[in-house]
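Residue-level structural notes
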Amino acid sequence: MRTMISMFILTTLTIGLFIVGCKKDDSHTPSTGYIEPADFLSDKKYKMLIVEINYVQGYKPTQEAVNNMVTFLSARLNKPKGVKVSINSIASPRKSSFSHSDVVHLEKIHRKHFPLGDILTAHILFLDAGYIQDTDNTKYLGMAYGATSIAIFQKTVSDYSGGISQPSNEVLETTIINHEFGHVLGLVNNGTSMQTNHQDNNHGHHCDNEECLMYYATETTDIVGNLVGGNIPELDQNCINDLKNNGGK
Ligand SMILES: [Zn+2]
Ligand SMILES: [Zn+2]
């Protein structure tokens, strides 16, 4: 089963935003069955998408970011019965950091919605601590770790947004959520094939266009400047063309 991990990294050194490469792994959530990017993009099997959000109490994403995610997905996915959201809070796992297996375990405990009939589901955890591989200078903001699974390190997101010289909560949350969904949709060259070569080969499954949502950026004041200015990165035409070719719009 195709799975991936991708990460956003934020550095505390300056105001740089890193996006690092995707790692492949063999883990999956058995009860989701076999889901591939085309299942999200086209309406052949699934007519509706339910995004289940489970957030640790106190770490709820902003309503604006949730709305932005729905707008982003609705623009790209052929889901005639719509994209819906189910939001619930969960108790704190009381951990100082989360490993990949912690996240998989939490999903197993809390996830309630699985693909059934013509309804596809995705699951996002919003967590109250960082990733286990965080360092003082480099912190992960999110990862797509399964075919239908995303984790957002919401404490880190909140630490790095909403303040002076920081992007707003809404902008940073939306950027991360949409980027991770880009991986779930098979970008770049990870389940959704490229129509023209635009993979940044040095940075895994990312786009070579620095303006694109799927760009891997290291310490680029341009990106942070854009985020601080309130602009949420969007998919470029190469990424959109790939999605269209795989059943999306
Ligand atoms: Zn990524
Ligand atoms: Zn792109």
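Note that the coordinates shown come from a computational prediction; the quantities given were computed from them, not determined experimentally.

So, how was this worked out
Residues numbered from 1 in each chain as written. Chains lettered and ligands numbered in written order. Predicted model: local features only at pLDDT ≥ 70, side-chain atom pairs only at ≥ 80, totals over all residues. Heavy atoms only, no water. Pairing = 2+ DSSP bridges. Helix = DSSP H or I, 4+ residues; strand = E, 2+ residues; numbered from the N terminus. Right-handed = clockwise from strand over helix to strand, strands pointing away. Buried < 20%, exposed > 50% of the residue type's maximum accessible area, 1.4 Å probe, protein only. Donors = N, O, S within 2.8 Å, 3.2 Å for Na, K, Ca; no water. Tetrahedral: all angles 85-135°; square planar, octahedral: opposite > 155°, others 65-115°. pLDDT = per-residue confidence, 0-100. Contact = heavy atoms within 4.5 Å. Core = buried A, V, L, I, M, F, W, Y, C linked by side-chain atoms within 4.5 Å. Phe/Tyr/Trp six-rings, centres within 6.5 Å; stacked < 30°, edge-to-face > 60°.

Take the pairing of strand E4 (residues 82-90) next. Relative to E4, strand E3 (residues 48-56) is paired through nine bridges, and the arrangement is parallel. By the bridge assignment for E4, Leu49 is matched with Val83. For the crossover that starts at E3, traverses helix H2 (residues 63-76) and ends in the parallel E4, the hand is right-handed.

Attention shifts here to the pairing of strand E6 (residues 119-126). A regular strand places its side chains so that they alternate between the two faces of the sheet. In terms of burial, E6 is a largely internal element, seven of the eight residues being buried. Of the strand pairs in this sheet, E6 and strand E9 (residues 149-152) are connected by four bridges, and their pairing is parallel. Pairing of His123 across the sheet is with Ser149, part of E9.

Those donors, Cys207 (SG), Cys212 (SG), Asp236 (OD) and Cys239 (SG), are the protein atoms that reach the zinc ion (ligand 2), and they lie 2.2 to 2.3 Å from it. Here the zinc ion (ligand 2) binds four donor atoms, and the angle range of 99 to 117° at the metal identifies the geometry as tetrahedral. Written as a sequence motif, the donor residues of the zinc ion (ligand 2) are C-x4-C-x23-D-x2-C. Taken together, the residues span a long stretch of sequence, with Cys207 in the loop between helix H5 (169-184) and helix H6 (221-228) and Cys239 in helix H7 (residues 237-245) at a distance of 32 residues. Each member of the pair Cys207 and Cys239 is classed as buried.

Before going further, it helps to examine the confidence of the model for the protein chain. Taken residue by residue, the protein chain gives an average pLDDT of 85. The fraction at 70 or more is 83%. Contacts for the low-pLDDT stretch residues 1-30, under 50 throughout, to residues beyond four places or in other chains number 138 contacts.

What follows covers the nonpolar core. Soluble, globular proteins show a tendency: their nonpolar side chains are buried together. Among the nonpolar cores identified, the biggest contains 45 residues, and Phe40, Met69, Ile124, Phe181 and Leu235 are the most heavily contacted of them. The set of elements that each furnish at least two residues to this core consists of helix H1 (37-41), E3, H2, E6, strand E8 (138-146), E9, H5 and H7. Leave out the neighbours within four places in its chain, and Phe181 touches Phe40, Val51, Met69, Phe72, Leu73, Ala122, Ile124 and Ile150.

Once that is clear, we can look at the packing of aromatic side chains. Within the structure shown, the criterion is met by two aromatic pairs. Between Tyr131 and Phe153 the ring centres are 5.5 Å apart and the planes differ by 45°, which places this aromatic pair in the tilted class. One end of the pair, Tyr131, is in strand E7 (residues 130-131); the other, Phe153, is in the loop between E9 and helix H4 (154-159), with 22 residues separating them in the sequence. For the pair Tyr131 and Phe153, a shared accessibility class is recorded, and that class is buried. Here the aromatic cluster, defined as three or more aromatic residues joined through ring pairs, consists of Tyr131, Tyr140 and Phe153.

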